[in-house]
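For reference, the chains in residue letters:
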Amino acid sequence: MKISVIRYTHNLFTPLAKYTPEDRCNKKKRKGSKYFGPIEAPKAEIASGLYFREHKKCDGAYIPTGYFDHKNFYRKKDKISISEYKKLSKIEKEKIKKNCNKLEIAAAKANAELGIILKNKLDKDYGKDNYVFISIGRSPALIARAMEFMGVEVKYLPISKLRGMSKYDIPMGFSGLEYFEGYKDYLREQNILGRDDDKKLLFYDYTFSRKSLKIFAKVMDKLFNICEPEASFKSLNDELAYLANIKRNTDIGSYIEDYLYHQGTETFTPIKQLPYFKINSTKFTQENLCDYSRDEVKYFDFLLMDELYQKGVLRENPLNKAAL
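1. A closer look at the packing of helix α7 (residues 102-126) against helix α16 (residues 295-310)
Okay, step 1: Relative orientation of the contacting elements α7 and α16 amounts to 45 degrees, with a least axis distance of 8 Å. Our classification of the angle between α7 and α16 gives oblique. Crossing of α7 against α16: the hand is right-handed. In this structure, α7 uses E104, I105, A107, A108, K109, N111, A112 and I116 to contact α16, whose residues at the interface are E296, Y299, F300, L303, L304, E307 and L308.

2. Regarding a positive patch on the surface
Okay, step 1: Together, K71, R75, K95 and K98 make up a region of like positive charge exposed at the surface.
Okay, step 2: The topology assignment puts R75 in helix α4 (residues 70-75).

3. Thoughts on the packing of aromatic side chains
Okay, step 1: Under the defined criterion, the tally for this structure stands at 13 aromatic pairs.
Okay, step 2: Measuring from ring centre to ring centre gives 4.7 Å for F133 and Y204, while their planes differ by 10 degrees; the resulting arrangement is stacked. Highlighted residues: F133 in strand β3 (residues 131-136) and Y204 in strand β5 (residues 200-205), separated in sequence by 71 residues. Considered together, F133 and Y204 belong to a single accessibility category, that of buried residues.
Okay, step 3: What links up through ring pairs into an aromatic cluster is the set F73, Y85, Y299, F302 and Y309.
Okay, step 4: A cation over an aromatic ring shows up here: K93 above the ring of Y309, its NZ or CZ 4.6 Å from the ring centre.

4. What to know about the pairing of β5
Okay, step 1: β5 sits mainly inside the fold: 6 of its 6 residues count as buried.
Okay, step 2: Residue alternation in β5 divides its side chains into two sets, K200, L202 and Y204 and L201, F203 and D205, and both sets are buried.
Okay, step 3: Note that β3 and β5 share 5 bridges and pair parallel. Across the sheet, residue V132 finds its bridge partner in β5, namely L201.
Okay, step 4: Where β5 meets strand β6 (residues 231-235), 5 bridges bridge the pair, whose relative direction is parallel. Across the sheet, the residue bridging to Y204 is K234, located in β6.
Okay, step 5: Note that the unit made of β5, helix α11 (residues 211-224) and β6 has a crossover that is right-handed.

Reading guide: rules and limits
- Residues numbered from 1 in each chain as written.
- Predicted model: local features only at pLDDT ≥ 70, side-chain atom pairs only at ≥ 80, totals over all residues.
- Heavy atoms only, no water.
- Axes fitted to C-alpha atoms, helices over the stretch in contact; angles between N-to-C directions.
- Helix = DSSP H or I, 4+ residues; strand = E, 2+ residues; numbered from the N terminus.
- Parallel < 35°, antiparallel > 145°, perpendicular 65-115°, else oblique.
- Left-handed = near helix turned anticlockwise from the far one by under 90°.
- Contact = heavy atoms within 4.5 Å.
- Patch = residues over 30% accessible without salt bridge, like charges linked within 9 Å, V, L, I, M, F, W, Y side chains within 5 Å.
- Areas by Shrake-Rupley, 256 points an atom, 1.4 Å probe, with all protein chains shown as cover.
- Salt bridge = Lys/Arg side-chain N within 4 Å of Asp/Glu carboxyl O.
- Lys, Arg positive; Asp, Glu negative; His and termini not counted.
- Charge placed at Lys NZ, Arg CZ, Asp CG, Glu CD.
- Phe/Tyr/Trp six-rings, centres within 6.5 Å; stacked < 30°, edge-to-face > 60°.
- Buried < 20%, exposed > 50% of the residue type's maximum accessible area, 1.4 Å probe, protein only.
- Lys NZ or Arg CZ within 6 Å of the ring centre and 35° of its normal.
- Pairing = 2+ DSSP bridges.
- Right-handed = clockwise from strand over helix to strand, strands pointing away.

Here it is as structure tokens:
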């Protein structure tokens, strides 16, 4: 049976002797050939990525569009998608796991388990796919990531230090809408402002006295007309404490202590801190709002996806494409 092949040349100065896939990596010349030349690989192998998984160390190897392996994972500087995770083979996943430490593994496991519990409650309260989970600042961001990876529509709103406001008003003498003009555009870009559906907007924050949450709710209401009953502003730790009491789950109490009270979330989230007094001078681009280059962030996202995949609840939602 004749196997059709695709041929790729290195450059204009490469001699034209043919070279087999088997010989290419160990640089052994074909019998009767004098020089190295064009690459030949079966179409089926190129389509599956098998050829280049076996020969990826060779110079000039062609990487098919959409191809993704553990080396692409290490080089990637932006967000890793669920579709990219699914392209990894079992062997490639194991290679990545070997580089993960115990803290990253524990964080992924805790947020996956807690995310499932919280999602089940919200599905029951509001209806599946009938709400939007919105993380205020960095504290709820890991739970938000678990929700995102389970197919819930999720948004991330970087804003912090709200307790520093002395009044429920816009700080530092700026007129409100002018001060938050960039934030308004970001809210519209994230489809939080100007929605055309009936989904409930659930804003979550870690609270101590609820003062910062009340200030945030006041800003959303006064400037953007986002308020009850279309929206609800919730304390994440209060919600988790309620679940811990109902389910008698001591792990939830440990989560509040480790990831919220002691700010362990900040180790694994890409969301940058954005104090309220810097909002008017910030460009709301992904580069300014988050950082995916840190290993802890990449490993956490990968391990969280893997945990949810093993539990059979990993789901990609196209509505999260613009989420940080």
